[in-house]
Amino acid sequence: MAPPERSSDHRDYQRVPRVVTAMARDEQHGVTVKPHSHERAQLLYATAGLMRVNTDLGVWILPPRRALFIPPGVVHYWTSMSKVTMRTIYIEPSAAASYGNTCRLIEVSALLRQLILALLEEPIEYPIPGRGEHLAMLILSELAAAETVPIAIPWPRDRRLVAVCDAIVADPGSARTIEDHAADVGASARTLIRLFPQETGLHYRQWVQQVHLAEAFGRLAQGHSVGAIAAALGYASPSAFTAMFRRILGKTPQHYLTEWRTPVEVE
């Protein structure tokens, strides 16, 4: 049986006989979708709103104009941190293989955005040959050229480190030290410092910086000023925060703030 013409259930898009399919779904603030996986790769993208995505291996914050590539079979769940207009695509596994087998945050170009919106105007099983097929191939080409954003919060498995990471993510601007966290979980600071690179691939300070970048991305997308974000994250000055941000991302917070203050048409 063919799937509904415009379903908002991801399961209806996994076995459609097309290389790329597109789904539209809107959610209110505070909705959490339970852990699940897809037969296909997914480009999780929202034209408006803020999302947090969790897997066993990491956490990502998705503001507008950024999307998360999720390989087939990766268990994940997401939470809407505001009202969200999701416009996501699913890619047949063999076509998605060249994009890698790990999740990554990417820049959504203006062209890729318009291609996704255009594919949503086509039937799920768009005619072949035809406009839908051409749009799908252009989406794959644009995705291959997409820039990766180096923000990811790798997640540990050690229960002590999980507790520490939960506390840091819950209050990223806290002035608590690694020694304070160690006392809370019954470990030494030296043990935690050793566990961070073993469990996450990042040293403690690098991991905290990733949390700060993700938090800053979300706040910038909501229109917070650079000074307010720097203060909320515990930096001594906006310039100190900006220096860290630019060193890792190659762009200033003001660049993204200006971008997100520029209105775009929401479909």
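Caption draft 1: Up close: the pattern of salt bridges. Per the counting criterion, the structure on display carries 10 salt bridges. Between E39 and R15 there is a salt bridge; the shortest N-O distance is 2.9 Å. With E39 in the loop between β2 (32-36) and β3 (41-48) and R15 in the segment before β1 (20-27), this pair connects stretches of sequence that are 24 residues apart. Residues E122 and R131 are paired through a salt bridge, measuring 2.6 Å at the closest nitrogen-oxygen approach. A relative accessible area of 14% means that E122 is categorised as buried. Note on R131: relative accessible area 43%, which makes it partly exposed. Overlapping salt bridges bring together E121, E122 and R131 as one network.

Caption draft 2: Structural context of the sheet that holds strand β4 (residues 51-55). In space, the five strands of this open sheet follow the order β2-β7-β4-β5-β10, with antiparallel pairing throughout. If you trace the sheet from one side to the other, it starts and ends with β2 and β10 (153-154), each paired once. Across four bridges, β4 lies against strand β5 (residues 58-62) in antiparallel orientation. Paired with M51 across the two strands is L62, which belongs to β5.

Caption draft 3: Fine view of helix α4 (residues 159-170). Its 12 residues give α4 an end-to-end C-alpha distance of 16 Å, which sits within 8% of 16 Å, the value for a rise of 1.5 Å per residue. Of the positions making up α4, those classed as buried are L161, V164, C165 and I168. Buried residues along α4 cover an arc of 95° about the axis, so they all sit on one side. Exposed side chains of α4 directed beyond 90 degrees from the buried face belong to R159 and A170. Buried-residue contacts for α4 involve α5 (178-185), α6 (189-200) and α7 (204-221).

Caption draft 4: Representation of the side chain of R87 within the structure. In this fold, R87 is placed in strand β8 (residues 84-91). Of the polar contacts made by the side chain of R87, one reaches the side chain of D26; its length is 2.9 Å.

Caption draft 5: Inspection of the packing of α7 against helix α9 (residues 238-249) at higher detail. Running from N to C, α7 and α9 cross one another at 100°; their axes reach a closest spacing of 11 Å. The orientation of α7 relative to α9 falls into the category roughly perpendicular. Of the residues in α9, those in contact with Q209, Q210, H212, L213, A216, F217 and L220 of α7 are F241, M244, F245, R247, I248 and L249. Considered class by class, the residues forming the contact of α7 with α9 number nine nonpolar, three polar and one charged.

Caption draft 6: Here's a closer look at the sheet that holds β8. Ordered in space as β1-β8-β3-β6-β9, the five strands form an open sheet in which the pairing is antiparallel. This sheet does not close on itself; its edge strands, each paired only once, are β1 and β9 (104-107). The average undirected angle you get between the axes of adjacent strands in this sheet is 25°. Taken together, the eight bridges between β1 and β8 define a ladder with antiparallel strand orientation. Looking at the pairing, D26 lines up with T85 of β8. Along the sheet, helix α3 (residues 131-144) contacts β1, β3, β8 and β9; its crossing angle with β8, the most-contacted strand, is approximately 95°.

Procedures and definitions
Residues numbered from 1 in each chain as written. Predicted model: local features only at pLDDT ≥ 70, side-chain atom pairs only at ≥ 80, totals over all residues. Heavy atoms only, no water. Salt bridge = Lys/Arg side-chain N within 4 Å of Asp/Glu carboxyl O. Helix = DSSP H or I, 4+ residues; strand = E, 2+ residues; numbered from the N terminus. Buried < 20%, exposed > 50% of the residue type's maximum accessible area, 1.4 Å probe, protein only. Pairing = 2+ DSSP bridges. Expected span 1.5 Å × (residues − 1). Arc of directions from axis to C-beta. Contact = heavy atoms within 4.5 Å. Polar contact = N/O pair within 3.5 Å; in protein donor to acceptor, adjacent residues only side chain to side chain. Axes fitted to C-alpha atoms, helices over the stretch in contact; angles between N-to-C directions. Parallel < 35°, antiparallel > 145°, perpendicular 65-115°, else oblique. Nonpolar A, V, L, I, M, F, W, Y, C, P; charged D, E, K, R; others polar.

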